Amino acid sequence: MSNIVKKSYKVTGMTCSSCGKAVERAVKKIDGVVNQSINMATEKLHIEYDNQKVKFEDLEKTVKKAGFNLLEDVKYSKIEFKIGGMSCASCAKAIERAVNKLDGIDSISVNVATERATINYDQSKLKLTQIRNVIEKAGYKVLEKSENRNASVDEDKIRKEKEMKTLFTKFLVAVAFSIPLFYIAMGPMVPSPIGPWPVPEIIDPVTSTLNYALIQLVLVTPVMIAGNKFYTNGFKALINKSPNMDSLVAIGTLSAFLYSAYTTFQIATTDMVQSHGHHQLYYESAGIIIALILLGKYLESRSKGKTSEAIKKLMGLQPKTAIVVKDGREIETPIEEVEVGDIIIVKPGSKIPVDGIVIEGHTSVDESMLTGESIPVEKNIGSKVTGASINKNGSIKFKAEKVGSDTALSQIIKLVEDAQGKKAPIAKLADTVSGYFVPTVIVISIVSALLWLTVGGKGLEFALVIFISVLVIACPCALGLATPTAIMVGTGKGAENGILIKGGEALELSHKIDTIIFDKTGTITEGKPQVTDIVVSKNVDKDYLLKIASSAEKGSEHPLGEAIVRFGEEKNTGFMTVEKFKAIPGHGIEVTIDSRNVLLGNKKLMDDRKISLGDLSKKSDELAIQGKTPMYIAMENEISGIIAVADVVKESSKRAIEKLHSMGIQVAMVTGDNKKTANAIAKEVGIDIVLAEVLPQDKSNEVKKLQEQGKFVAMVGDGINDAPALAQANIGIAIGSGTDVAMESADIVLMRSDLMDVPTAIKLSKETMKNIKQNLFWAFGYNTVGIPVAAGVLYIFGGPLLNPMIAAAAMSLSSVSVITNALRLKGFKAYK
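Within any chain, residue numbers begin from 1 and follow the written order of that chain's sequence. The predicted origin of the model limits local features to residues at a pLDDT of at least 70 and limits the giving and counting of side-chain atom pairs to 80 or more, whereas totals for whole chains, interfaces and linings rest on all residues. Water and hydrogen atoms play no part in the side-chain values, which are based on all heavy atoms of the structure.

- If you check an unreviewed UniProt entry, the protein appears there as Copper-exporting P-type ATPase from Terrisporobacter mayombei.
- UniProt positions are given in the numbering used here, feature names are shortened, and annotations may be inferred rather than shown by experiment. Regarding the protein, the relevant UniProt record gives this comment under Catalytic activity (unreviewed entry): "Cu(+)(in) + ATP + H2O = Cu(+)(out) + ADP + phosphate + H(+)".
- Regarding the protein, the UniProt comment filed under Sequence similarities (unreviewed entry) reads as follows: "Belongs to the cation transport ATPase (P-type) (TC 3.A.3) family. Type IB subfamily."

Have a look at this one:
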């Protein structure tokens, strides 16, 4: 009795295909393991092993040693929360840390840019309320999300607009009080040709120091109230041991305020030298810092709104209502209430509300929103129609087949939403840094201030400036926004061009592709056989031969026969009456037409009936070498002609392969066809490697062979019988028709059948990665330079001391600049 068992386990912590390979290599070394493979798409380890020799503990230990975690294949549930109150990447890290402590959590990913948490959890161990409570206890708000996607987007839009309006109002309040505060505080000290800026005698800093201090206290109070969220969020995060950007601002401005309040108290109650006391007031620093950061937050909020425009555009495509026929009456019904099986009328110029099948009428439909194809598609009874496409010139009735979240448009929106919510491996670098960043900054600010106070011999006032400047300039916002904003814009731009990228990882890794394998049928070729050549014997008319052949094949269901019939219809040859019809399996057909005996089929049929090809033999061989399938027609046992049928190459195939070659990418083709046909197609389009006579189930092995040679492989197929190969490839690219876009096995879905979208997807990956690296460079560079300057390094060598207000302005601009740079991707141009 065999002890070999097959099992699947979940592997967490993998970020790319190299991780998968590492797990496979580690497990392979265990004695008793027969076979193993990793599916990166599902994060599953599929394994065959001897259960007498291998225990789960052995597998778990080996995988852990390789740097990953192995879990029993529990069926985890996925939930998404909208999170409010996050200000930077440290907030996201704090939520992830808090939730990960719960027993039953498989994974959690929090995206600051989309304000979304995606959580996989074991329902048998955890309830949603427990997760919600932990998030709220960490100091953040779980926002209610409507089940209806359109309603959810509307709610989200209203909420964000309200937040922006509140931020702008708070900024206006802060500015209104900060400007006079700044004038009063700094005016008397600003040199000018006519002397210091004048202030009323009643608040003169030298003669009326107490009034001078009190007016500043009065002016700064509304500013600090306007910035109250920095204090509530910042100190709550400190209490929870997860300090964030708000914590830095709160500590810095409150320190300036408390020091100034203490000085004011001293001025009022002691004999402090008046001419010196006003120099120790920092109310204006606290006020201006808050005003500048509120401005930065407002600009950041506006810019972030622009990154999600792709989703809004897709949402806007769907009509709000549908005209449903009930009991013979036309009733305008909200789109949410349309059910499967409803009969819907669509009038000229209207949008088709949901997916379905035409049952009455004919029209042409503009499907460019899905396929990118500008030419309207003819629709007749039995044709499928897709929600959000535009009915051009005829009225139709159709039966609803897919509604709500099942429609093609909803699936596209879901894919784009998921892609924007998922983190790329490079984002983990920024997340890791941000997790340690804020506590490190707090330590640096304290150490710097103490060093200047003790070793540097400077006073408390100088040390305070250093302390506040370091805290305020070191904002982790730019770090946290560097990657997700670029990914949001990149995936959105892809969707605009009919390229659905399923996540940040696929977008990031696509630029590494050095080898692409194309499936032949339906990918490089049209997938529909077409008549390419008609060759006739002497004394036989071409049109007559086509008329005979198309009439004979009218009753056949063979794809090659259908191609001949279709060609006959296009040429308007007309059809003749078939008197007798006999199908000869594996050979062809025998019919009687126009009182003639007609044979139509392959070479075997001619050989069986001992019909010589005569002068047509050479031409027949030429057609076969070109990858075409010759169909022989004999009348009254004499060869009359050949009709060649082939699956023709798509118009874009050659251009796409030339473009990939120019990008330094090697191109292979895999097909079940014979080598002669495969080589002919490969020669026509410029393929480098030909993998012919490959069974569908063996395609994934061909991918694996190239990967074993160290190649980073992408597989391009139709997503049906190519699924194993798509999953095995480093990047799986599925050719979709726009109606079947949610192919689980692919990382990227091309809604059009245009192969130029393959190099476009790679170009988009390269542009996005370049943008992310620029963002990270500026974010890291800004902090690397800014913190030492704020700590007084330049001052040691006779340079300037950084004013906390300038530090606040620089910090705000760093976040805005990162988002603005990401928005440059909106100018991305696809290959044509």
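Digging into the packing of aromatic side chains
- Pairing of aromatic side chains requires ring centres within 6.5 Å, counting the rings of Phe and Tyr and the six-membered ring of Trp. Pairs whose planes differ by under 30 degrees are stacked, by over 60 edge-to-face, and all others tilted. With the rule as written, the count across this model stands at 8 aromatic pairs.
- Measuring from centroid to centroid gives 4.9 Å for Phe168 and Tyr298, while their planes differ by 40 degrees, and the two rings are tilted. Of the two residues, Phe168 sits in helix H5 (residues 149-186) while Tyr298 sits in helix H10 (residues 283-307), which places them 130 residues apart along the sequence.
- Throughout, exposure labels follow a simple rule: accessible area from a 1.4 Å probe, protein chains only, divided by the maximum for the residue type, with under 20% read as buried, over 50% as exposed, and the rest as partly exposed. Residue classification places Tyr298 among the buried positions, given a relative accessible area of 14%.
- Among the aromatic residues, those joined into a cluster by ring pairs are Phe168, Phe171 and Tyr298.
- Geometry around Phe828 places Lys763 over its ring, the cationic atom sitting 5.1 Å from the centre.
- Stacked on the ring of Tyr831, the Lys or Arg Lys763 has its end atom at 4.8 Å from the ring centre. Here a helix means four or more residues in a row that DSSP labels H or I, a strand means two or more in a row labelled E, and each is numbered from the N terminus. For a Lys NZ or an Arg CZ to count as sitting over a ring, it must be within 6 Å of the ring centre and within 35 degrees of the ring normal.

Quick notes on helix H15 (residues 460-473)
- Any helix carries an expected span of 1.5 Å times its number of residues minus one. With 14 residues, H15 extends 20 Å from end C-alpha to end C-alpha; this agrees with the ideal 20 Å at 1.5 Å per step.
- For H15, the buried fraction is high: 12 of the 14 residues fall into the buried class.
- Looking only at H15, the buried set comprises Phe462, Ala463, Leu464, Val465, Ile466, Phe467, Ile468, Ser469, Val470, Leu471, Val472 and Ile473.

Notes on the sheet that holds strand S10 (residues 329-334)
- On the basis of which strands lie adjacent, the open sheet formed by 6 strands has the order S10-S9-S11-S17-S12-S15 and antiparallel pairing. Each edge of the open sheet carries a strand with a single partner, namely S10 and strand S15 (384-385). For two strands to be treated as a pair, DSSP must find no fewer than two bridges joining them.

Notes on the nonpolar core
- Each nonpolar core is a collection of buried residues, namely Ala, Val, Leu, Ile, Met, Phe, Trp, Tyr and Cys, held together in the definition by side-chain atoms within 4.5 Å. Judged by nonpolar contacts, the single largest core of 135 residues is most densely connected at Ile131, Ile516, Phe518 and Val758.
- Those residues in contact with Ile516 that sit more than four places away from it in its chain are Leu660, Ile665, Gln666, Val667, Ala668, Ala714, Val716, Val758 and Ile762. Contacts: residue pairs with any heavy atoms within 4.5 Å of one another.

Points about the sheet that holds strand S1 (residues 4-12)
- The strand order S2-S3-S1-S4 describes an open sheet built from 4 strands, whose pairing is antiparallel. Each edge of the sheet is formed by a strand with only one pairing partner; in this case those strands are strand S2 (33-39) and strand S4 (69-72). When the angles between neighbouring strand axes are averaged without regard to direction, this sheet yields 30 degrees.
- Here S2 pairs with strand S3 (residues 44-50) via 6 bridges, running antiparallel. Residue pairing for S3: Asn35 is matched across the bridge by Glu48. Between N-to-C directions, angles span 0 to 180 degrees; the directions come from axes that are lines fitted to C-alpha atoms, helices contributing only their stretch in contact.

Topic: the packing of helix H7 (residues 228-239) against helix H8 (residues 245-269)
- It is the contact of H7 with H8, at a shortest axis distance of 7 Å, that shows an interaxial angle of 110 degrees. As far as their axial angle goes, H8 and H7 are roughly perpendicular. Crossing handedness for the pair H7 and H8: left-handed. Each of Lys229, Phe230, Tyr231, Asn233, Gly234, Phe235, Ala237 and Leu238 in H7 lies in contact with H8, whose residues at this interface are Met245, Asp246, Ser247, Val249, Ala250, Ile251, Thr253 and Leu254.
- Throughout, the ten residues Ala, Val, Leu, Ile, Met, Phe, Trp, Tyr, Cys and Pro are labelled nonpolar, Asp, Glu, Lys and Arg are labelled charged, and all others, Gly among them, are labelled polar. Taken together, the residues of the contact of H7 with H8 break down into 10 nonpolar, 4 polar and 2 charged. Our angle categories are set so that under 35 degrees counts as roughly parallel, over 145 as roughly antiparallel, 65 to 115 as roughly perpendicular, and the remainder as oblique. Each helix crossing is assigned a hand: it is left-handed if the near helix lies turned anticlockwise from the far helix by less than a right angle, otherwise right-handed if that turn is clockwise.

Topic: unusual backbone geometry
- Positive phi values are uncommon outside glycine, yet Asn572 reaches one of about 55 degrees.
- Here Asn572 shows up in the loop between helix H20 (559-570) and strand S21 (578-584).
- Positioned with a positive phi, Asn637 is a non-glycine residue whose angle comes to about 60 degrees.
- Secondary-structure assignment places Asn637 in the loop between strand S24 (629-635) and strand S25 (638-649).

A closer look at the pairing of strand S13 (residues 363-366)
- Judged by which residues are buried, S13 turns out to be covered on both faces: Thr363 and Val365 on one side and Ser364 and Asp366 on the other are all buried.
- Judged from the 3 bridges that link them, S13 and strand S14 (residues 377-379) form a sheet pairing that is antiparallel. Residue pairing in the sheet places Thr363 in a bridge with Lys379 of S14.
- The pairing of S13 with strand S16 (residues 390-391) spans 2 bridges and is classified as antiparallel. Directly across from Val365, in S16, lies its bridge partner Asn391.

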